[in-house]
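Report on the structure
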Amino acid sequence: MRKTTSTDGAGPGTYDASPYVPADADLAALRRAAAGCEGCPLYRDATQTVFGSGDATARVLLVGEQPGDQEDRRGEPFVGPAGRLLARALDEAGIDPDETYVTNAVKHFKFTRTGPGKRRIHKPPTLRELTACKPWLLGELREVAPEVVVALGATAGKALRGSSFRVTRERGVPLPMPDGGDGVLVATIHPSAVLRADEDRDAVYEGLVADLRVAAGALA
Ligand code: URA
Ligand code: SF4
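Note that the coordinates shown come from a computational prediction; the quantities given were computed from them, not determined experimentally.

1. Remarks on the site of ligand 2
Around ligand 2, the surrounding shell consists of Ala17, Cys37, Gly39, Cys40, Tyr43, Val106, Lys107, His108, Ala132, Cys133 and Trp136. Classifying every residue of the shell around ligand 2 gives eight nonpolar, two polar and one charged.

2. Overview of a negative patch on the surface
Residues Asp91, Glu92, Asp96, Asp98, Glu99, Asp198, Glu199, Asp200, Asp202 and Glu206 make up a contiguous surface patch of negative charge. Elements with a contribution of two residues or more to the negative patch: α3 (81-92) and α8 (201-217). Residue position: Asp198 is located in the loop between α7 (191-196) and α8.

3. Regarding the pattern of salt bridges
If you walk through the whole model with that rule in mind, you get 10 salt bridges. Its salt-bridge partner being Arg59, residue Glu147 comes within 2.7 Å of it at the nearest N-O pair. Of this pair, Glu147 sits in the loop between α4 (127-144) and β6 (148-152) while Arg59 sits in the loop between β1 (53-54) and β2 (60-64), placing them 88 residues apart in sequence. What makes Glu147 partly exposed here is its relative accessible area of 30%. Accessibility expressed as a relative area gives 37% for Arg59, which makes it partly exposed. Through salt bridges with shared partners, one network takes in Asp69, Asp72, Arg73 and Arg120.

4. Side note on the pairing of strand β3 (residues 100-104)
Summarising burial for β3: five of the five residues are buried, a large majority. Both faces of β3 are covered, namely the face carrying Thr100, Val102 and Asn104 and the face carrying Tyr101 and Thr103. In the sheet, β1 pairs with β3 via two bridges, with the strands oriented antiparallel. Across the sheet, residue Gly54 finds its bridge partner in β3, namely Tyr101. Note: β2 against β3, five bridges, orientation parallel. Paired with Leu61 across the two strands is Tyr101, which belongs to β3.

5. Digging into the packing of aromatic side chains
Enumeration according to the criterion identifies two aromatic pairs in this entry. Look at Phe51 and Trp136: their rings are 6.2 Å apart centre to centre, the planes differ by 85 degrees, and that puts the pair in the edge-to-face class. Of this pair, Phe51 sits in the loop between α1 (27-34) and β1 while Trp136 sits in helix α4, and the two are 85 residues apart along the sequence. For Arg120, the ring lying beneath its charged end belongs to Phe111, and the centroid distance is 4.9 Å. Sitting over the ring of Tyr15, Arg128 keeps its end group 3.7 Å from the ring centre.

Cut-off values and rules
Residues numbered from 1 in each chain as written. Chains lettered and ligands numbered in written order. Predicted model: local features only at pLDDT ≥ 70, side-chain atom pairs only at ≥ 80, totals over all residues. Heavy atoms only, no water. Near = heavy atom within 4 Å. Nonpolar A, V, L, I, M, F, W, Y, C, P; charged D, E, K, R; others polar. Patch = residues over 30% accessible without salt bridge, like charges linked within 9 Å, V, L, I, M, F, W, Y side chains within 5 Å. Areas by Shrake-Rupley, 256 points an atom, 1.4 Å probe, with all protein chains shown as cover. Salt bridge = Lys/Arg side-chain N within 4 Å of Asp/Glu carboxyl O. Lys, Arg positive; Asp, Glu negative; His and termini not counted. Charge placed at Lys NZ, Arg CZ, Asp CG, Glu CD. Helix = DSSP H or I, 4+ residues; strand = E, 2+ residues; numbered from the N terminus. Buried < 20%, exposed > 50% of the residue type's maximum accessible area, 1.4 Å probe, protein only. Pairing = 2+ DSSP bridges. Phe/Tyr/Trp six-rings, centres within 6.5 Å; stacked < 30°, edge-to-face > 60°. Lys NZ or Arg CZ within 6 Å of the ring centre and 35° of its normal.

Rendered as C-alpha cells:
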C-alpha cells in the first residue's frame, strides 16, 4: 500500500506554535523563543523570524499581516515602504510612532519567486498559518497590555476577530478587545493598500489616518 505523505511535512491540522511558546514568558523571552519556532512550514524558506518590536509598555499596539521582503532580511517589522507610510500616518493621527509596539499576525515571510530576477513576491498567509502563529501574538498582547490594538488590514482583523472579519464593514469604529481583554480594538486598512492604490491614493491614505485618529481618540 502506498504511504500517504503530507506535502507540507507537518501533517494536516498540526500547524501550531504553542509547543514553542514558553509559559508566562516576558517579551524578551518570547522573542528569543520565537526565533526557533517551527510551528508551521513558513520558517523553512524565510530568512528569520520577525517578532514584534517597539515600546514594550506601549499604549498602542499595531498588528500587520506578515513581514515583507525587507523585514525578512532585517528581522524587524515595518521597516520597508509600508512601514514608512504607517509611521507618517500615525504621526498625522497624533500617535507618536516611537511610542507604539508593532508586530504581525504571522511572524515569517511567505513568498513565491517569479520573473527573470526571481524576485520574492509576497503571498498571503492561509487561515491555518494564521491560527498556528496566533500564540505569539497572544503572548505579545498579554505582555504589552496595550489600551488600543490596531488591526492593519483583513489578515490582522481575522487573526483578532475571527475569519468572518471584513475590514470594509468593521473599520474605524471601536470594537471590543479580543478574548474579553481591557481596552479597544480599531481596525483599518493595511498601509500597503495605500501604496497599491492607482487612483485616489490620497483619499485611501486619508481613510487610514481617519481610522488611526479613532484609535488615538480611544486613549484615555
Ligand atoms: N507589511 C506587514 O504587514 N508587516 C510588515 O512588517 C511589513 C509589511
Ligand atoms: Fe512559527 Fe509563526 Fe513562523 Fe509559522 S509563521 S514557523 S507559527 S513563527
